[in-house]
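# Structural characterization, general
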Amino acid sequence: MCTDKDNKYVNFIPVKSSINWDEYFMVQAMIASFKSKDPSTKVGCVFVDDNNHQLSMGYNGMLAGIDESKIPWGNDKGVNYELQKYGYVIHSEANAIAHAKCSLKGARVYVTLFPCPECTKQIASHGVKEVIYLSDKYKDSDEVRVSKKLMEMASIKYRHLAISKELISSINNYFIKMIDEIVV
């Protein structure tokens, strides 16, 4: 008769996650960005502690509880400021910081777009230690140069994270498979 003791490795299968922590949290930030109603720039972020636990998340949007139909979403800087979205939108990082239920000291933030100077000031003021970003499409702007200078002065590390098309395709295929399994 065969016992479990004789077959102690029978149910042990080598396993590995198909996504690392950086990719996992950046994908979460990307998903958070889907909540943004901004027609031109959707940004999401996730704050994470050293144990890889999510502390807070955010996306760029308007103040909670206001009638968004009365606020302009356009980005034409040729019109008066009160007719531009910039005076009304709350950035994803500021949104996440405002809604955090605990300290962000020592946290990392995964963000889909490199932070502006105002968000960088808040990130630094809350003791965040690292910024991991997906896009730096405004890297040549004065604003991003100021943000990077502030981060360097505050000893905040920042680094780009590339997400491969293969990973996105894999996630997409996984979601499709999940949906196919539950749709009757």
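Residues numbered from 1 in each chain as written. Predicted model: local features only at pLDDT ≥ 70, side-chain atom pairs only at ≥ 80, totals over all residues. Heavy atoms only, no water.

### Considering the sheet that holds strand 3 (residues 108-113)
Consider a sheet: its strands pair through backbone hydrogen bonds, and that pairing is either parallel or antiparallel. With mixed pairing, the 5 strands of this open sheet are ordered in space as 2-1-3-4-5. One side of each edge strand has no neighbouring strand; the edge strands of this open sheet are strand 2 (54-59) and strand 5 (157-160). Averaged over all pairs of adjacent strands, the angle between strand axes in this sheet comes to 15°, irrespective of strand direction. Relative to strand 4 (residues 130-135), strand 3 is paired through 5 bridges, and the arrangement is parallel. Looking at strand 4, one finds that L113 is bridged to S135. Against the sheet, helix 1 (residues 21-33) contacts strand 1 (44-48), strand 2, strand 3, strand 4 and strand 5, and its axis sits at roughly 50° relative to strand 3. (Pairing = 2+ DSSP bridges. Helix = DSSP H or I, 4+ residues; strand = E, 2+ residues; numbered from the N terminus. Axes fitted to C-alpha atoms, helices over the stretch in contact; angles between N-to-C directions. Contact = heavy atoms within 4.5 Å.)

### With respect to the nonpolar core
F47, V109, I123 and V131 are the most contacted members of the largest nonpolar core, which totals 18 residues. Of all the secondary structure elements, the ones that give two or more residues to this core are strand 1, helix 2 (92-99), strand 3, strand 4 and helix 4 (142-153). Per-element accounting of this core gives the leading share, 3 residues, to strand 3. Setting aside anything within four residues of it in sequence, one finds V109 in contact with C45, V46, F47, I123, V128, E130, V131 and I132. Ranked by size, the runner-up nonpolar core spans 12 residues in total, among them M26, A29, V46 and L167. (Core = buried A, V, L, I, M, F, W, Y, C linked by side-chain atoms within 4.5 Å. Buried < 20%, exposed > 50% of the residue type's maximum accessible area, 1.4 Å probe, protein only.)

### Re the side chain of S147
Along the chain, the position of S147 falls in helix 4. Beyond its immediate sequence surroundings of up to four residues, S147 is in contact with F114, P115, C116, P117 and T120.

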